[in-house]
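Summary of the model geometry
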Amino acid sequence: MTQQPFTSGWDADFGNQCRVGCGACCIAISISTTIPGMSGPKPAGVRCIQLTSDNRCLLYGKPERPDVCREFQPSAEICGRTNDEAMHNLIELEALTAA
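Here's what I pulled together on the structure shown here.

1. Looking at the layout of surface pockets
What the largest pocket holds in volume is close to 950 Å³. At the level of elements, helix H1 (67–71), helix H2 (76–79) and helix H3 (83–97) are the ones that each hand at least two residues to the lining of the largest pocket. The biggest single contributor to the lining of the largest pocket is H3, with four residues. Looking at the lining of the largest pocket residue by residue, the classes come out as 26 nonpolar, eight polar and five charged.

2. Some remarks on the pattern of salt bridges
A full pass over the atoms with the stated rule returns two salt bridges. Between Asp54 and Arg56 there is a salt bridge, with its nearest N and O atoms 3.5 Å apart. According to the relative accessible area criterion, Arg56 is partly exposed, its value standing at 44%. Its salt-bridge partner being Arg70, residue Asp67 comes within 2.4 Å of it at the nearest N-O pair. Here Asp67 pairs with Arg70, and both are found in helix H1, just three residues apart, close to one helical turn. Exposure remark for Asp67: the relative accessible area of 48% places this residue in the partly exposed category.

What counts, and at which threshold
Residues numbered from 1 in each chain as written. Predicted model: local features only at pLDDT ≥ 70, side-chain atom pairs only at ≥ 80, totals over all residues. Heavy atoms only, no water. 1 Å grid on protein atoms, 1.4 Å probe; cavity = no way out; pocket = protein on both sides within 12 Å on 5 of 7 lines; lining within 4 Å. Points joined across faces, edges and corners; volume = space filled by probe spheres on them. Helix = DSSP H or I, 4+ residues; strand = E, 2+ residues; numbered from the N terminus. Nonpolar A, V, L, I, M, F, W, Y, C, P; charged D, E, K, R; others polar. Salt bridge = Lys/Arg side-chain N within 4 Å of Asp/Glu carboxyl O. Buried < 20%, exposed > 50% of the residue type's maximum accessible area, 1.4 Å probe, protein only.

Pasting the structure below:
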C-alpha cells in the first residue's frame, strides 16, 4: 500500500512524508550546494528557484535534486503541526547552526 502525502497538520500515521504545499525547508534554510537554475548556494530566507507557487519542488524525484534536499527527513519535531510552525522551527534551526 502506497502512503499519500498529507495535506494538513502532522499525522504520525503517515511517517516521514512532507506536508503537501509547505515548502518551509525550501525557503527558510540555506543550502550550500548549487541548485539547478541558481547561480550558487541558496541563502537562508531565499525561496528556492525550483519551488513552485504552490510550494512543490520541481526537482522532486529527479537525479539533479541536491543530495541535501533528498536526504532531509521531515519530522513532527521540525515540521510542527502547521506550515507556519515549520517555517518558525526551521528559521530557528538555521540561526542556531549558522557559521
